Amino acid sequence: MAQFSLDRLNTYTESDFREHFSGTYQKAHNYLAISGGGEHGAFGAGLLEGWSESGTRPEFTMVTGISTGALMAPFAFLGSDYDAILKEIYTTTSTKDMFKKRGILKAVFSDAMTDTAPMKALIAKYVTADIVDSIAGEHQRGRRLYVGTVNLDAGRSVIWSVGAIAASDHPGKLELIHNILLASAAIPVAFPPVVFSVVNNGMEFDEMHVDGGTGAQVFVYPAAVDWSRVTEKLKVKGDPKAYVIRNAFLEPDYQGINRKLLSIAGRSLDSLIRTQAVGDIYQIYALCKRDGNDFNLAYIPSDFTEKPSEPIDPVFMGKCMNSDSIWQKKGIHGLKHHPVSPRVTE
């Protein structure tokens, strides 16, 4: 697929580039990658709002999102005018707005511990037909919006071009985009997978998709893509800048764990996710070094010690979004001036 895309670019004339890539041809490039992190996504929402207020936030050439980052990505992609929507989502949403718990017996004989019908309704409330039309318009300017899920049947990550879907004539594109966003945040076991009907070579079958974080915590573009050739074709001005927002902690912390099954399992999963995120960030850094992109990183610092009182706690998210210790100390400053290195501490 990557080679196909490059071969296609090779057929474009300058007139084609100006027509189909008016927003990215002969312009500076800025790429934003937003990770998962559940309710900690409020960090990214606050960072974007503060970045807008600083007057230095660029128009992003490309935005990618995983899990809670996928829910943020459409609004980050559309720009600062949509910060208020992100703020509303991350300061008014509570657990009941995201999922309903299933009884133990029902959960055991079902596909998840919860029902995410409330989350799907929340996505539909904010990602409207007008939002999708706006995404389509930006896609036609050459800007790109990607969301990651994992196809459980195939055991591999899938990158969805949400902009291309928005700009298509697909009659069910609005619901399809809703389902992609829902799938990207569908934590296995906790949340039900999302099933997509697919037609290939005249045969129809179903694919089961779950949280993109089970494949990667954050991504910019596949390593198979020779990005320097892409930027050369688009005659990009200056070095592209990649901005990574990790909606979580990266530094290990100490917690006394009870010698009980759920405590051990939960702590082990947290450790696995954190180390996976570090690996993903290293990969992005290596790609930036290979392809001549500036690397910038922001993440939640260890001195933020607030704790949520429920799985989706609007009070906690408000503190996470607005805390000076986050977006002033490590947020805007971190994105603009973080040393170009893969280390995750200053």
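Data block above holds the structure.
Residues numbered from 1 in each chain as written. Predicted model: local features only at pLDDT ≥ 70, side-chain atom pairs only at ≥ 80, totals over all residues. Heavy atoms only, no water.

**Q** Describe the packing of helix α3 (residues 41-54) against helix α13 (residues 314-322), and please don't skip the residues or the numbers.
**A** At a minimum axis separation of 7 Å, α3 and α13 run at an interaxial angle of 40°. The orientation of α3 relative to α13 falls into the category oblique. Along this stretch, α3 crosses α13, giving a crossing that reads as right-handed. Here Ala42, Phe43, Ala45, Gly46 and Glu49 of α3 lie close against α13, whose contacting residues are Met317, Cys320, Met321 and Asn322. Along the lines of polarity and charge, the residues of the contact of α3 with α13 split into six nonpolar, two polar and one charged. (Axes fitted to C-alpha atoms, helices over the stretch in contact; angles between N-to-C directions. Helix = DSSP H or I, 4+ residues; strand = E, 2+ residues; numbered from the N terminus. Parallel < 35°, antiparallel > 145°, perpendicular 65-115°, else oblique. Left-handed = near helix turned anticlockwise from the far one by under 90°. Contact = heavy atoms within 4.5 Å. Nonpolar A, V, L, I, M, F, W, Y, C, P; charged D, E, K, R; others polar.)

**Q** Just give me the short version of empty space enclosed by the protein, but keep the residues and values in it.
**A** All chains considered together, the criterion is met by one cavity of 30 Å³ or more. Quantified by volume, the largest cavity comes out at close to 40 Å³. Val220, Tyr221, Ala242, Ile284, Leu287, Cys288 and Asn293 are the residues that line the largest cavity. Broken down by element, the lining of the largest cavity gets its largest block of residues, three residues, from helix α12 (residues 261-291). Of the residues belonging to the lining of the largest cavity, the class tally is six nonpolar, one polar and no charged. (1 Å grid on protein atoms, 1.4 Å probe; cavity = no way out; pocket = protein on both sides within 12 Å on 5 of 7 lines; lining within 4 Å. Points joined across faces, edges and corners; volume = space filled by probe spheres on them.)

**Q** Which residues make up the packing of aromatic side chains, and what are the values?
**A** The geometry of an aromatic ring pair is captured by the separation of the ring centres together with the interplanar angle, meaning the angle of the planes. Tallying each qualifying case throughout the model produces 12 aromatic pairs. Each ring, one from Phe17 and one from Phe21, has its centre 5.9 Å from the other, and the planes form 50°; the classification is tilted. Phe17 gets classed as buried once you look at its relative accessible area, which sits at 5%. The class of Phe21 is buried, set by a relative accessible area of 11%. Look at Phe17 and Tyr25: their rings are 5.3 Å apart centre to centre, the planes differ by 5°, and that puts the pair in the stacked class. The exposure classification of Phe17 matches that of Tyr25, with both residues buried. Through pairs of rings, three or more aromatic residues link up here, namely Tyr12, Phe17, Phe21 and Tyr25. Cation over ring: Arg143 sits above Phe77, and NZ or CZ is 4.2 Å from the ring centre. (Phe/Tyr/Trp six-rings, centres within 6.5 Å; stacked < 30°, edge-to-face > 60°. Buried < 20%, exposed > 50% of the residue type's maximum accessible area, 1.4 Å probe, protein only. Lys NZ or Arg CZ within 6 Å of the ring centre and 35° of its normal.)

**Q** Which residues make up helix α4 (residues 68-78), and what values do they have?
**A** Taking burial as the measure, the 11 residues of α4 include 11 buried ones, the bulk of the element. Looking at α4, one finds that the buried residues are Thr68, Gly69, Ala70, Leu71, Met72, Ala73, Pro74, Phe75, Ala76, Phe77 and Leu78. Once α4 finishes, Gly79 follows within two positions and takes phi at roughly 110°, a positive value.

**Q** Can you lay out the nonpolar core for me, pointing to particular residues and giving the numbers?
**A** By size, the foremost hydrophobic cluster in this structure holds 59 residues, and its most contacted members are Leu32, Leu48, Val63, Tyr90, Val127, Ile177 and Leu181. Ranked by residue count, the leading element in this core is α4, at eight residues. Residues within four places of Val127 in sequence aside, it is in contact with Phe75, Val132, Leu174, Ile177, His178 and Leu181. Grouped together as the second largest cluster of nonpolar side chains are 29 residues, Tyr12, Tyr221, Ala242 and Val278 included. (Core = buried A, V, L, I, M, F, W, Y, C linked by side-chain atoms within 4.5 Å.)

**Q** Please provide a residue-by-residue account of the environment of Gly155, values included.
**A** Residue placement: Gly155 occurs in the loop between β5 (144-151) and β6 (156-161). Considering only alpha carbons, one finds Gly155 and Met208, 53 residues apart in sequence, at a separation of 10.0 Å.

**Q** Now, about the side chain of Arg143: what can you tell me, with residues and values included?
**A** Within the element layout of this structure, Arg143 appears in the loop between α8 (129-139) and β5. Look at Arg143 and you get buried, because its relative accessible area is 2%. The contact partners of Arg143, leaving out residues within four places of it in the chain, are Thr24, Glu59, Phe60, Thr61, Phe77 and Glu138.

**Q** Outline the side chain of Arg57, supporting the account with residue identities and numerical values.
**A** Within the fold, Arg57 resides in the loop between α3 and β2 (62-66). A distance of 2.9 Å separates the side chain of Arg57 from the side chain of Ser52, its partner in a polar contact. Beyond its immediate sequence surroundings of up to four residues, Arg57 is in contact with Leu48, Trp51, Ser52, Phe75, Ala76, Gly79, Ser80 and Asp83. (Polar contact = N/O pair within 3.5 Å; in protein donor to acceptor, adjacent residues only side chain to side chain.)

**Q** If you had to explain helix α5 (residues 83-92) to someone new, which residues and values would you point to?
**A** Listed as buried for α5 are Asp83, Leu86, Ile89 and Tyr90. One side of α5 carries all its buried residues, which in axial view fall inside an arc of 125°. Tucked inside the fold, the buried residues of α5 contact α3, α4, α7 (117-126) and α13. (Arc of directions from axis to C-beta.)

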